[in-house]
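A structural walkthrough
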Amino acid sequence: MHVGLSLGDWIVYTMWGVFGFMILYFTLAFARSFWIGTFETTFLGCLKDILYYIVPLNVILSMVSIDPTHWTLIVLYFIGGASVMIKYITDIVRSFHRKPEEKLQE
């Protein structure tokens, strides 16, 4: 597998990171609800997160061609992707600090 370091490759890696942390968070929440026996984890929370986080990142990428500086929206995309990953990292860490009896947040 070719690992590139071009700008396009880093854009793809950022989106992989965002989706990876989303999947990890959902898997941990699903496993936690499975062991508790509640099955309160639904796909609606993930669909909402895709609508709130992924779609705006894709809109930013689609507007890069009209950016006169050719770098402002790319920087905004990377900041947005990093902030979404940090959000999921903090949610994952926070989920380990909750008691198993506490209700899962979506």
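Rules and cut-offs
Residues numbered from 1 in each chain as written. Predicted model: local features only at pLDDT ≥ 70, side-chain atom pairs only at ≥ 80, totals over all residues. Heavy atoms only, no water. Helix = DSSP H or I, 4+ residues; strand = E, 2+ residues; numbered from the N terminus. Polar contact = N/O pair within 3.5 Å; in protein donor to acceptor, adjacent residues only side chain to side chain. Phe/Tyr/Trp six-rings, centres within 6.5 Å; stacked < 30°, edge-to-face > 60°. Buried < 20%, exposed > 50% of the residue type's maximum accessible area, 1.4 Å probe, protein only. Salt bridge = Lys/Arg side-chain N within 4 Å of Asp/Glu carboxyl O.

A few points about the side chain of Arg32
Position of Arg32 among the secondary structure elements: in helix H1 (residues 7-36). From its side chain, Arg32 meets the backbone oxygen of Ser95 in a polar contact 2.8 Å long.

A closer look at the packing of aromatic side chains
Scanning the entire structure with this criterion turns up six aromatic pairs. Ring centres 5.6 Å apart and planes at 65 degrees place the aromatic pair Tyr77 and Phe78 in the edge-to-face group. By relative accessible area, which is 1% here, Tyr77 ends up buried. An aromatic cluster is defined as three or more aromatic residues linked by ring pairs; in this entry it consists of Trp10, Tyr13 and Trp16.

Quick word on the pattern of salt bridges
Under the defined criterion, the tally for this structure stands at two salt bridges. Close ionic contact of Asp91 with Lys87 constitutes a salt bridge, the shortest N to O distance being 2.5 Å. Taken together, the residues span about one helical turn, with Asp91 and Lys87 both in helix H3 (residues 72-97) at a distance of four residues. Classification of Asp91 by relative accessible area gives buried; the value is 13%. A salt bridge links Arg94 to Asp91, with the shortest nitrogen-to-oxygen separation between them at 3.4 Å.

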